[in-house]
Amino acid sequence: MDHAKLAADIIEKVGGKDNVTNLGHCATRLRFNLKDTTLAQTDVLKKTPGVVGAVEHGGQYQVIIGNEVNEVCAECLKLLDLAVPQTETCEDDTAEEKKGVVAKVLDTIAGSFFPIIPAIAGAGMVKALLSLLAFLKVVDSTSDTYQILNLLGDAPYYFLPILLAFSAAEKFNVNKYLAGTVGCIFVSPTLASLFSAATEAGTTVKLFGIPVTAATYTNSVIPILLTIWLMHYVEPFFNKYIPKSVRFIFSPMLTLLVVTPIGLIVLGPLGTWLGDGLGLIVNTLNSTVSWLVPTIIGAFTPLLVMCGMHYGIIPIGINMLATTGTDIVAGPGMMVSNIAQGGASLAVALRAKRQDIKSLGAS
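Predicted model, so just to flag it, every value in this text is computed and none were measured.

What counts and how
Residues numbered from 1 in each chain as written. Predicted model: local features only at pLDDT ≥ 70, side-chain atom pairs only at ≥ 80, totals over all residues. Heavy atoms only, no water. Pairing = 2+ DSSP bridges. Helix = DSSP H or I, 4+ residues; strand = E, 2+ residues; numbered from the N terminus. Axes fitted to C-alpha atoms, helices over the stretch in contact; angles between N-to-C directions. Contact = heavy atoms within 4.5 Å. Phe/Tyr/Trp six-rings, centres within 6.5 Å; stacked < 30°, edge-to-face > 60°. Buried < 20%, exposed > 50% of the residue type's maximum accessible area, 1.4 Å probe, protein only. Salt bridge = Lys/Arg side-chain N within 4 Å of Asp/Glu carboxyl O. Parallel < 35°, antiparallel > 145°, perpendicular 65-115°, else oblique. Left-handed = near helix turned anticlockwise from the far one by under 90°. Nonpolar A, V, L, I, M, F, W, Y, C, P; charged D, E, K, R; others polar.

Turning our attention to the sheet that holds strand β1 (residues 20-25). One open sheet holds the four strands; their spatial order is β1-β2-β4-β3, and the pairing between them is antiparallel. Each of the sheet's edge strands pairs with one partner strand only, and the pair in question is β1 and β3 (53-57). Here the strands of the sheet are splayed against their neighbours by 20° on average, with no regard to which way each runs. As judged from the five bridges shared by β1 and strand β2 (residues 29-34), these two strands associate in the antiparallel manner. Along β2, the bridge assignment pairs N22 with N33. The strands that helix α3 (residues 69-80) touches are β1 and β2; relative to β1, the one it contacts most, it runs at about 160°.

Our focus in this paragraph is the packing of aromatic side chains. A complete count under the given rule lists six aromatic pairs for this structure. Ring geometry for F166 against Y177: centres 5.8 Å apart, planes inclined by 85°, an arrangement best described as edge-to-face. Of this pair, F166 sits in helix α8 (residues 160-172) while Y177 sits in helix α9 (residues 176-186), and the two are 11 residues apart along the sequence. For F166, a relative accessible area of 29% puts it in the partly exposed group. Judged by relative accessible area, Y177 falls into the exposed class, the value being 57%. Ring centres of F237 and Y241 lie 5.0 Å apart, and the angle between their planes is 50°; on these two criteria the pair is classed as tilted. Of this pair, F237 and Y241 both sit in helix α11 (residues 222-241), four residues apart, which is roughly one turn of that helix.

What follows is about the pattern of salt bridges. The final tally for this structure, using the stated rule, is four salt bridges. Here K176 ties to E170 by a salt bridge, and the two come within 3.9 Å at their closest N and O atoms.

Between two packed helices, the angle of one axis relative to the other and the distance separating the axes together describe the packing. Relative orientation of the contacting elements helix α1 (residues 3-13) and α3 amounts to 60°, with a least axis distance of 8 Å. As far as their axial angle goes, α3 and α1 are oblique. The chirality of how α1 crosses α3 is right-handed. Contact with α1, carried on its side by H3, A4, L6, A7, A8, I10 and I11, involves E71, V72, E75, C76, L79 and L80 of α3 and no other residues of that element. Residues of the contact of α1 with α3, tallied by class, amount to 10 nonpolar, one polar and two charged.

Structure follows, in structure tokens:
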């Protein structure tokens, strides 16, 4: 497959370079954000050699490639000058305004999560390998080697707010290093120590005299997403009204001074409560009808993936792992669904007549 040629064909048929505002990919699909989806030639794309299908879901225009999606995406990014994703606000926001609230939320969650999936997947596989090595007595669970490998597996989850801050910054078109700084504040050992000391003393941490709710932000998802959402209003405001001669100095400072207190006092606790509430609902269902939630997730996983909505389920699983140590939603539901789809793909690989479809099924 000529990845460069395919990339050029795809960009032309989604409406051209000027119609693309952002691009990412998952395991098999290019996920475009388009200014005007009506410009995309879906029927023509579906017949393009190297393209398995094309569909619009969850506020994204998705072109299904298969197992070579990473190489095709890299070529597309070169042609779009998006090797470093765009951070400028698009002048034409009419298409964005036409999206419903649900579509925007799903698009934001998906766009924030799929760039960090390799880190989470890689760390998860390290944890699985480490469990196997410990079970086979190859590595002693009390050894330094075990502790370091365990740290490697835990790190992306522990520092998840920082990773999400960077990826969310690209979705919200704000400075990703400034956003990453906010993420660092959320998982700072100093903040954790302040909360711990206040809890032991029976007091409350205060910022500018305002009480700050003690919360654990490591492994968390919702608090940082809400805070970076706030940042995409605050940073442009200061950039607009601060003179260019001093903007480089004062805009970042004022952005941090506004976003951080609101994040810690309001949005952080709100996100934590939302996450805990969601976990409580799932746990309640699990205690009464334990088969229901994973069954529903498993049944709808293929549709959720097509719409990009599975990125909304993954944070629930991560939040449950962080708070209870057990994921009873994403893991069990998606595992059964993936096994079933694997069986279907194997059948396609064995029975398909077209070589390209047979190859895709096998991969």
